[in-house]
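Given next are the chains, with one letter for each unit.
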Amino acid sequence: MSPSRQTSSPLGEYAVPPAAVASATARLRAAGCVFAEEEAALLAEAAATGGGDRLAALDRLVERRAAGHPLEHVVGWAEFTGLRIAVGPGVFVPRRRTEFLLSLARDLLARAPVPVPVVVDLCCGSGAAAAALAASGHPAEVHAADIDPAALVWARRNLAGAGDVHEGDLYAALPAALRGRVAVLVANVPYVPTADLPLLPAEARTHEPRVALDGGDDGLAVLRRVAAGAPEWLAPGSTLLVETTERQADTAREVLAATGLDPALHHDEERAATVLTGTRPA
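Residues numbered from 1 in each chain as written. Predicted model: local features only at pLDDT ≥ 70, side-chain atom pairs only at ≥ 80, totals over all residues. Heavy atoms only, no water.

*Asks:* Any chance you could explain the side chain of Asp146 here in plain terms?
*Replies:* Structurally, Asp146 can be placed in strand E4 (residues 141-146). With no salt bridge to any partner, buried Asp146 finds its closest opposite charge in Arg156, at an N-O distance of 10 Å. Within polar-contact distance, the side chain of Asp146 engages the backbone nitrogen of Gly125 at 2.8 Å. (Helix = DSSP H or I, 4+ residues; strand = E, 2+ residues; numbered from the N terminus. Buried < 20%, exposed > 50% of the residue type's maximum accessible area, 1.4 Å probe, protein only. Lys, Arg positive; Asp, Glu negative; His and termini not counted. Salt bridge = Lys/Arg side-chain N within 4 Å of Asp/Glu carboxyl O. Polar contact = N/O pair within 3.5 Å; in protein donor to acceptor, adjacent residues only side chain to side chain.)

Have a look at this one:
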């Protein structure tokens, strides 16, 4: 969540006394929170909607945030493509840069040649990508999969009534009936090289699962496995989408090309996002 992009809620401003919000702002600022005022408003909103003693609830939330817990884990949601995605301790927080990947995926979904295309979100974490595609306005059969049982608790909550959630290692989690039928395959794989994990912000390396971050020696270990299986699961003419970095982009493109997919790189300067697509030949 980027607090500077949020619209503070009147509930957060007025249901908790202004003096308490001001105190929370001062505590957050002292703890080094850059967007202390905006964060205090979001914490006040969470305290006001949680029931019970609002002031005590706000105090507990501010204490957690000041101790370094991700704001999204503290308030219980992350804003993503206009949705509030439920998240909590132990789950990867969807990044705003990944909205670029979703914009590309939605375009592909809109152009799918079948009335109800199959959409798969591998390494789904909280299910944010699957939920965004389910809410895109285009009819789709949505599936999400992850190896982490803790993440799937949140994915099931975010996809309740909108898609099916499967536990397992990449494609092994998916129903066999989907093989060769997937129109849009989103895989926001972990891509941080193992040696770079200590360089991540403390919020990520301390409070998010390593399995969602660690991409192996060069950051591409999981991508190689996803790419290897993609031609078997994609329908002819359909596309795999993965997030990567500019540093890894050329090697990642070679990985996809080696599997027979037609790769293309896409970059969004505003979000500092790089997405690699691989299309199975028709």
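Having seen the model, we can carry on.
*Asks:* Looking at this structure, how should I read the pattern of salt bridges?
*Replies:* It is possible for side chains of opposite charge to pair when their charged atoms get near one another. For the structure on display, the rule yields 16 salt bridges. In this structure, the salt-bridge partner of Arg65 is Glu39, at a minimum N-O distance of 2.7 Å. Of the two residues, Arg65 sits in helix H4 (residues 54-66) while Glu39 sits in helix H3 (residues 36-49), which places them 26 residues apart along the sequence. Of the two residues, Arg65 and Glu39, both sit in the buried class. Linked through salt bridges whose partners overlap, the residues forming this network are Glu39, Arg65 and Glu203.

*Asks:* Can you help me understand the packing of H3 against H4 in this one?
*Replies:* In a packed pair of helices, the relevant descriptors are the angle between the two axes and the axis-to-axis distance. One way to put it is that H3 packs onto H4 with a least axis distance of 8 Å and a crossing angle of 135°. Put simply, H3 runs oblique to H4. Classified by chirality, the crossing of H4 by H3 is right-handed. In this structure, H3 contributes Glu39, Leu43, Ala44, Ala46, Ala47 and Ala48 to the contact, and H4 contributes Arg54, Ala57, Leu58, Leu61, Val62 and Arg65. Here the contact of H3 with H4 is composed, by residue class, of nine nonpolar, no polar and three charged. (Axes fitted to C-alpha atoms, helices over the stretch in contact; angles between N-to-C directions. Parallel < 35°, antiparallel > 145°, perpendicular 65-115°, else oblique. Left-handed = near helix turned anticlockwise from the far one by under 90°. Contact = heavy atoms within 4.5 Å. Nonpolar A, V, L, I, M, F, W, Y, C, P; charged D, E, K, R; others polar.)

*Asks:* Could you clarify how one ought to interpret the pairing of strand E6 (residues 182-187) in this entry?
*Replies:* Within E6, six of the six residues are buried, which leaves the element mostly enclosed by the surrounding structure. Pairing geometry for strand E3 (residues 118-122) and E6, over five bridges, is parallel. Pairing of Val119 across the sheet is with Val184, part of E6. (Pairing = 2+ DSSP bridges.)

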